[in-house]
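Next come the chains, spelled out residue by residue.
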Amino acid sequence: MMLDRRQFVQQLLVDRGDLLVVPGLGSATYDIAAAGDHPLNFYLWGAMGGTTMIALGLALARPERRVVAIPGDGDMLMGLGSLATIGVKQPTNFVVVVLDNARYGETGMQASHTDAGVDFAALALACRFRQARTVTRIEQVAEVRQLLHAGEGPILINAKIKPEDVPRVLPLRDGHAIKQRFVAALNAV
Amino acid sequence: MHSPADIATSWPDAIYAHFRRVGVRQVGYVPDAGHSRLITLCQNDRQITDVVLTTEEEGVALVAGAALGGQRAALLMQSSGVGNCVNMFSLLRNCGFPCIALVTMRGEFGEFNPWQVPMGTITEAVLRLCGFLTYRVESADAVDEIVGAGCDMAFNGDLAIAVLLSQRLIGPKQWTR
């Protein structure tokens, strides 16, 4: 069993409240946009490998808020060292949800390392994450949402999604505009 | 007052004083001999969250996230680390995030290790190509003024500023058996 990426992300972000979301470049950003544009999404169109560290800086700056990084598997692979860095800091308000289709979707669906069995959940636990698990069924989304909003971090969820091509949903692309909108919304709540 | 001998060894204290003055709250670094005193000062400060990185590019993303959350952050790295950051620097330029980077130089004055030279000799040019304004510090008594100006420019102007602390200032790495 594998997840439908759009259905999973849509249900993951239902009733998101004041959750701060950092989607990784490529399909992750399109999925989060498809779930509904929100000023507390810091969309990325580049900076591959940096999604989790942007979220860490944010989580350390705002310990009273919940922060989720949502990279694809290629993005997470490029920033694997960040799992060790996050494991050192132990931010309790921090969650990573990897959208893992075991493919590089932007470049032609070439197999990624996870296709050969590299396991993010095991890596996260080895890096001192408090909780890490792999989910494959949509029935598990409620427990993931519970972890997202109330679990003691750092937490990593590896969401196994189907390697399918879905229509692109393109959000705001101007980096200054994305930043200004995010900061204004964060400080308004 | 500081004697000249004090200034020669206490320039990291001048950098730290500016971190306090402008309200730096996060400091990202990869352990470095040249920055060891400054790193210890930051680690011992309860107002500063020190974040030890596996690679310097993590620090660029950290700075961006801190700024989103309303905190000021600084990066400490060695010249070789600048090369590890190049693509991630695009985040600063695309979004206009402030960044103050303190770069200890290797591969120049008194260097014993030729492997440091290729990156050390292009560090300043690389930073400029990536959108940084760069300032070199050659002597300990100039650290205070230059780092102070750099911090103000970064955080008042949302600019990417790099202060290059020359190897002549830091002293060549001591090669011990």
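This one's a predicted model, so the numbers in the text were calculated from it and none came from an experiment. (Residues numbered from 1 in each chain as written. Chains lettered and ligands numbered in written order. Predicted model: local features only at pLDDT ≥ 70, side-chain atom pairs only at ≥ 80, totals over all residues. Heavy atoms only, no water.)

Peer 1: Summarise the overall build of chain A; cite the residues concerned and give the values.
Peer 2: Within chain A, the regular secondary structure consists of eight helices and seven strands. Computed over its C-alpha atoms, the radius of gyration of chain A comes to 15 Å, within 12% of the 16 Å expected for a compact globule of 189 residues. When its C-alpha atoms are laid out on the principal axes, chain A stretches across 45 × 35 × 30 Å. Split by element, the accessible area of chain A, about 7,300 Å² in all, is 52% carbon and sulfur. In chain A, the 19 positive side-chain charges and the 18 negative ones have mean positions that sit 5 Å from each other. (Helix = DSSP H or I, 4+ residues; strand = E, 2+ residues; numbered from the N terminus. Rg over C-alpha atoms; globule rule 2.2 N^0.38 Å. Areas by Shrake-Rupley, 256 points an atom, 1.4 Å probe, with all protein chains shown as cover. Lys, Arg positive; Asp, Glu negative; His and termini not counted. Charge placed at Lys NZ, Arg CZ, Asp CG, Glu CD.)

Peer 1: Help me get a handle on the sheet that holds strand 4 (residues 99-104) of chain B, residues and values and all.
Peer 2: All names here are of chain B. Overall, parallel pairing links the six strands, which are arranged 2-1-3-4-6-5 in an open sheet. Only two strands of the sheet have a single neighbouring strand rather than two, namely strand 2 (49-52) and strand 5 (133-137). Neighbouring strand axes in the sheet, compared pairwise and without regard to direction, differ in orientation by 20° on average. The sheet contact formed by strand 1 (residues 24-29) and strand 3 (residues 72-78) spans five bridges and is parallel. (Pairing = 2+ DSSP bridges. Axes fitted to C-alpha atoms, helices over the stretch in contact; angles between N-to-C directions.)

Peer 1: Outline the nonpolar core, supporting the account with residue identities and numerical values.
Peer 2: Ranked by internal contacts, the top residues of the largest apolar core, which has 90 residues, are F8 of chain A together with L91 and F132 of chain B. When neighbours within four sequence positions are excluded, F132 of chain B is seen to be in contact with F89, L92, C99, A101, L127, A160, I161 and A162 of chain B. (Core = buried A, V, L, I, M, F, W, Y, C linked by side-chain atoms within 4.5 Å. Buried < 20%, exposed > 50% of the residue type's maximum accessible area, 1.4 Å probe, protein only. Contact = heavy atoms within 4.5 Å.)

Peer 1: So what about the confidence of the model for chain B? Which residues, and what values?
Peer 2: Counting all residues, the mean pLDDT for chain B is 94, and 94% of those residues have values of 70 or more. For this predicted complex, the interface confidence score (ipTM) comes to 0.97, while the overall pTM stands at 0.97. (pLDDT = per-residue confidence, 0-100.)

Peer 1: Residues and numbers for the side chain of S79 of chain B, please.
Peer 2: Residues and elements named next belong to chain B. By the secondary structure assignment, S79 is in helix 4 (residues 79-83). You can call S79 buried: its relative accessible area is 0%. A distance of 2.9 Å separates a polar atom in the side chain of S79 from the backbone nitrogen of R106. Here S79 is in contact with V103, T104, M105, R106, M119, G120 and T123, once residues within four sequence places are set aside. (Polar contact = N/O pair within 3.5 Å; in protein donor to acceptor, adjacent residues only side chain to side chain.)

Peer 1: Can you lay out the packing of helix 3 (residues 51-61) of chain A against helix 5 (residues 81-89) of chain A for me, pointing to particular residues and giving the numbers?
Peer 2: Residue and element names in this part refer to chain A. At their nearest, the axes of helix 3 and helix 5 sit 9 Å apart, and the two run at 20° to each other. Our classification of the angle between helix 3 and helix 5 gives roughly parallel. Seen along the crossing, helix 3 lies across helix 5 with a hand that is left-handed. Residues T52, M53 and L56 of helix 3 form the contact with helix 5, whose participating residues are S82, T85, I86 and K89. (Parallel < 35°, antiparallel > 145°, perpendicular 65-115°, else oblique. Left-handed = near helix turned anticlockwise from the far one by under 90°.)

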